[in-house]
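As a plain string of letters, each chain reads:
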Amino acid sequence: MKTNKEQAIIIGKKAMQDIDFSYDKSAEVTANYDDGKILYQGINVWLIGFDYGSEDYGENVFAGVVILDDEGKATNVNYRNGFIKLGYDEEQDKYFIAEKR
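Presented here is a report on the structure given in the accompanying data block. (Residues numbered from 1 in each chain as written. Predicted model: local features only at pLDDT ≥ 70, side-chain atom pairs only at ≥ 80, totals over all residues. Heavy atoms only, no water.)

1. What to know about the sheet that holds strand β1 (residues 30–35)
Read from one edge of the open sheet, six strands run β1-β2-β3-β4-β5-β6, paired in antiparallel fashion. Only two strands of the sheet have a single partner each, and these edge strands are β1 and β6 (94–100). Between one strand axis and the next, the sheet turns by 25° as a mean value, whatever way the strands run. Direction of pairing for β1 relative to strand β2 (residues 44–52): antiparallel, over a ladder of six bridges. Bridge assignment links Asn32 to a residue of β2, and that residue is Leu47. In this fold helix α1 (residues 5–18) packs onto β1, β2, β3 (61–68), β4 (73–79), β5 (82–89) and β6, with an angle of close to 55° to the strand it touches most, β2. (Pairing = 2+ DSSP bridges. Helix = DSSP H or I, 4+ residues; strand = E, 2+ residues; numbered from the N terminus. Axes fitted to C-alpha atoms, helices over the stretch in contact; angles between N-to-C directions. Contact = heavy atoms within 4.5 Å.)

Below you can see the structure in the form of structure tokens.
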């Protein structure tokens, strides 16, 4: 494990802020580590969980940021009925939306 839990949460929050994804800042941000056995076969990732959408759905729902452990970079955001592929601008140290479905 190259990225620790605290670092992964910081990366996840940065990605969400950089792409202006509004989440419930009063709710706990969760972090779960997968050592390549569940989500992505053979790839170590962090799944950082955010609650959002209570104003739209009447209750919070889940959005997850996937972070590659070895690189310490966020790759995508999965949320209710959608998916955002993230890009990263090294010079500006900023995530951006590369693709949205």
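There's plenty left to go through after this.
2. Observations regarding the pattern of salt bridges
Taken as a whole and judged by the stated rule, the model has three salt bridges. The salt bridge partner of Lys14 is Asp18, with a shortest N-O separation of 2.8 Å. On the criterion of helical spacing, the pair formed by Lys14 and Asp18 is a turn pair, its members being four residues apart in helix α1. With a relative accessible area of 17%, Asp18 lands in the buried category. Lys37 is the salt-bridge partner of Asp35, the closest N and O atoms lying 3.5 Å from each other. For Lys37, a relative accessible area of 60% puts it in the exposed group. (Salt bridge = Lys/Arg side-chain N within 4 Å of Asp/Glu carboxyl O. Buried < 20%, exposed > 50% of the residue type's maximum accessible area, 1.4 Å probe, protein only.)

3. Points about the packing of aromatic side chains
Tallying each qualifying case throughout the model produces five aromatic pairs. Summarising the aromatic geometry, the rings of Phe21 and Tyr79 are spaced 5.6 Å apart at their centres and angled 70° between planes, so their arrangement reads as edge-to-face. A residue pair is termed long-range when its members are at least 10 positions apart, and Phe21 in the loop between α1 and β1 and Tyr79 in strand β4 qualify at 58 residues. Each member of the pair Phe21 and Tyr79 is classed as buried. Measuring from centroid to centroid gives 5.0 Å for Tyr33 and Trp46, while their planes differ by 55°, and the two rings are tilted. Here Tyr33 is found in strand β1, whereas its partner Trp46 is found in strand β2, with 13 residues between them in sequence. Owing to a relative accessible area of 28%, Tyr33 belongs among the partly exposed residues under this scheme. By the ring-pair criterion, three or more aromatic residues cluster together here, those being Phe21, Tyr52 and Tyr79. (Phe/Tyr/Trp six-rings, centres within 6.5 Å; stacked < 30°, edge-to-face > 60°.)

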